[in-house]
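Each chain is listed here by its residues.
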Amino acid sequence: MSEIEEIRKLVAERLTKGDAKGTTIDGVVALCKSSDGIAPYVFQKGDDLSGLEISPKYPVMTLVSKLHKMFPTIRLGVVARGCDERAYIEMAKRNQIDPDRLYILGFACTAEDAQTCHCLAPYPKQLVVGTPPAPGPINPLVEKYDAMSLGERRAFWKQQFNKCIKCYGCRNICPECFCEACAMEDMAWVEPGLLAPPFPTFHMIRAMHMASRCIACRECENTCPAHIPLTVLYDLMRRDITTLLGYTPGADIAAKPPLSVNLDEAPLRVGAGH
Amino acid sequence: MEYKNTLTTCIYCGAGCSMYIETIDGQITGVWPSKTHTISQGRLCIKGWNVTEFVNSPDRLKTPLIRKGDQFVEASWDEALTLIADKLNAIKQESGPDSIGLLTSAKCTNEENYLMNKLSRAVIGTNNIDHCARL
């Protein structure tokens, strides 16, 4: 049985029999193929599952969060990749989803996905279907960036951020961007009506807010119409958070995010990093 | 709960980016870029991301308005279209078909623009037709 057939069978089972404990599941969030293409969908009991798909990837946890907030008793399942599970972990810590009302059906990404995403963990911890592929390589642009001088780095970002058309797509698609009031829309920081947006404030606001949140799903870069290599920025931020604060976003649901606790609990590692 | 994603094309320009309008129980709840669409490939501009904003806007015009004196008065489509046809006919009779010009839009579909061409050249009888980008 192929990976996708196995997933369809398991989803059908969960919808009729409930989760592992037998608790009813009202719907399973996954992707659905139709003549209109492939889009997120909530499969419910009795639905035809032959259209259930797992690719191309969409940030499905955003939909889970929306449904959990709209329907306070709804119990869901989600067909999840490694990055979806990492998103789930960081969302749960910030009350964006209710882990008690979510069943995760994890599947492994393909080796090709891992390569193109430069993904270091291309499978969820709660792996149900598939075999974990080897992790992808480190983004070659990050290595290139590391070799640059400070002046070259500034010039690099200046050139990249100048391409920005301020679509806010990076923020909109991000499963970890859920502030009710967004600083990127605050006129004190970002004057409306100007292109390119203020350098480097506009992109740095988001980068700072994503520290200890970014789970490296790559959605921001994939949706950027200006082809800005945003994952370089977020890979560097993730590396700093891990090196300086010992925290890896999306790795452990019990670990407290360092920016949400006081420094007594998570001291900076003086002298570590670069 | 009824969950639906409806594929549609952005109305704001001629590029033809595609997106899904997400509805839950018949209410619009969001926009997903279409990753499988050839044109936009999962990318949108700020207009596309906010394409649903006007749908439930209190400022949205839902009927044609006819100016009567110094006021705009709500009218039916039949009423408005009949008025437009009568006025265009009167102008054509008085000053000829070339006294009329038609401006189309990049927001229209190719087919709608084709129909505007028909209306202009075959019905009214003028080549005075252009698009909004040359206004």
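What counts, and where the lines are drawn
- Residues numbered from 1 in each chain as written.
- Chains lettered and ligands numbered in written order.
- Predicted model: local features only at pLDDT ≥ 70, side-chain atom pairs only at ≥ 80, totals over all residues.
- Helix = DSSP H or I, 4+ residues; strand = E, 2+ residues; numbered from the N terminus.
- Rg over C-alpha atoms; globule rule 2.2 N^0.38 Å.
- Buried ≥ 20, exposed ≤ 12 C-beta atoms within 10 Å, placed from the backbone.
- Contact = placed C-beta atoms within 7 Å.
- Nonpolar A, V, L, I, M, F, W, Y, C, P; charged D, E, K, R; others polar.
- Domains from an automatic or database assignment.
- Pairing = 2+ DSSP bridges.
- Expected span 1.5 Å × (residues − 1).
- Core = buried A, V, L, I, M, F, W, Y, C linked by C-beta atoms within 7 Å.
- Right-handed = clockwise from strand over helix to strand, strands pointing away.
- Axes fitted to C-alpha atoms, helices over the stretch in contact; angles between N-to-C directions.

A. Summary view of the overall build of chain A. Looking only at helices and strands, one finds 10 helices and six strands in chain A. Relative to the compact-globule value of 19 Å for 274 residues, chain A shows a C-alpha radius of gyration of 20 Å, a close match. Dimensions of chain A, computed from the C-alpha atoms along their principal axes, are close to 60 × 45 × 40 Å. When each of the 274 residues of chain A is scored for burial, the buried share is 40%. A sequence separation of at least 24 residues applies to 59% of the contacts in chain A between residues at least 6 apart.

B. Quick peek at the overall build of chain B. Helix and strand counts for chain B come out as three helices and seven strands. Taken from the N to the C terminus, the helices and strands of chain B come in the order β-β-β-α-β-β-α-β-α-β. A globule of 135 residues ought to have a C-alpha radius of gyration of about 14 Å, yet chain B, at 19 Å, is considerably larger. Counting only C-alpha atoms, chain B reaches 55 × 35 × 25 Å along its principal axes. Per-residue burial over chain B gives 17% buried out of 135 residues.

C. Inspection of the interface of chain A and chain B at higher detail. Each partner contributes residues to the interface: chain A has 23 residues there, and chain B has 19 residues. Top contributing element to the side of chain A that touches chain B by residue count: strand β2 (residues 37-43) of chain A, with six residues. Here the side of chain A that touches chain B is composed, by residue class, of 14 nonpolar, six polar and three charged.

D. Summary view of the domain arrangement of chain A. All names here are of chain A. Domain boundaries in chain A define domain 1 (3-129) and domain 2 (140-260). Listed as interface residues are 14 residues of domain 1 and, on the opposing side, 14 residues of domain 2. Those elements that provide at least two residues to the side of domain 1 that touches domain 2 are α2 (60-70) and α3 (82-93). The element contributing the most residues to the side of domain 1 that touches domain 2 is α3, with eight residues. Of the residues in the side of domain 1 that touches domain 2, the class split is nine nonpolar, two polar and three charged.

E. The arrangement of unusual backbone geometry in detail. Residue and element names in this part refer to chain A. Of note, the amide linkage connecting leucine 195 to alanine 196 takes the cis form, showing an omega dihedral of -15 degrees. With respect to the secondary-structure elements, alanine 196 resides in the loop between α7 (169-173) and α8 (201-210). Residues phenylalanine 199 and proline 200 are joined by a peptide bond in cis, for which omega reads -10 degrees. Along the chain, proline 200 turns up in the loop between α7 and α8. The backbone phi angle of asparagine 95 is positive, close to 55 degrees, even though this residue is not glycine. Positionally, asparagine 95 belongs in the loop between α3 and β5 (102-107). For asparagine 95, a count of 11 C-beta atoms within 10 Å gives the class exposed.

F. Summary view of the pairing of strand β3 (residues 27-33) of chain B. Residues and elements named next belong to chain B. Taken together, the six bridges between strand β2 (residues 18-24) and β3 define a ladder with antiparallel strand orientation. Across the sheet, residue tyrosine 20 finds its bridge partner in β3, namely tryptophan 32. Once β2 ends, the chain turns through two residues before running back antiparallel as β3, passing aspartate 25 with a positive phi of about 50 degrees.

G. Structural context of helix α6 (residues 150-161) of chain A. Between its first and last C-alpha, α6 of chain A extends 16 Å over 12 residues, near the 16 Å set by a 1.5 Å rise per residue. With one of 12 residues buried, α6 of chain A is to be regarded as a mostly surface element.

H. Representation of the nonpolar core within the structure. The biggest cluster of nonpolar side chains holds 77 residues, and the ones touching the most others in it are Val28, Ala30, Val64, Val78 and Val79 of chain A. If one sorts the elements of this core by residue count, helix α10 (residues 230-245) of chain A sits on top with six residues.

I. How the structure looks around the pairing of strand β4 (residues 76-80) of chain A. Residue and element names in this part refer to chain A. The element β4 is extensively covered by neighbouring structure, given that five of its five residues are classed as buried. Burial along β4 is two-sided: the face carrying Leu76, Val78 and Ala80 and the face carrying Gly77 and Val79 are both buried. As defined by bridge partners, strand β1 (residues 27-34) adjoins β4 across three bridges and the pair is classed as parallel. If you follow glycine 27 over to β4, its bridge partner there is leucine 76. Pairing between β4 and β5: five bridges, direction parallel. Opposite valine 79, over in β5, you have leucine 105 as the bridge partner. You can see the chain leave β4, run along α3 and come back into β5, and the turn it takes is right-handed.

J. Here's a closer look at the sheet that holds β2 of chain B. Residues and elements named next belong to chain B. The three strands lie next to each other as β1-β2-β3, forming an open sheet whose pairing is antiparallel. Edge positions in the open sheet fall to β1 (3-9) and β3, since each of these has one partner strand only. Neighbour-to-neighbour, the strand axes of the sheet open up by a mean angle of 30 degrees, direction not taken into account.

K. Quick look at the environment of threonine 201 of chain A. Residue and element names in this part refer to chain A. Along the chain, threonine 201 falls in helix α8. The class of threonine 201 is partly exposed, set by 15 C-beta atoms lying within 10 Å. Residues threonine 201 and valine 190, 11 residues apart in the sequence, show an inter-C-alpha distance of 7.9 Å. Among residues more than four places away in sequence, those in contact with threonine 201 are Trp189 and Val190.

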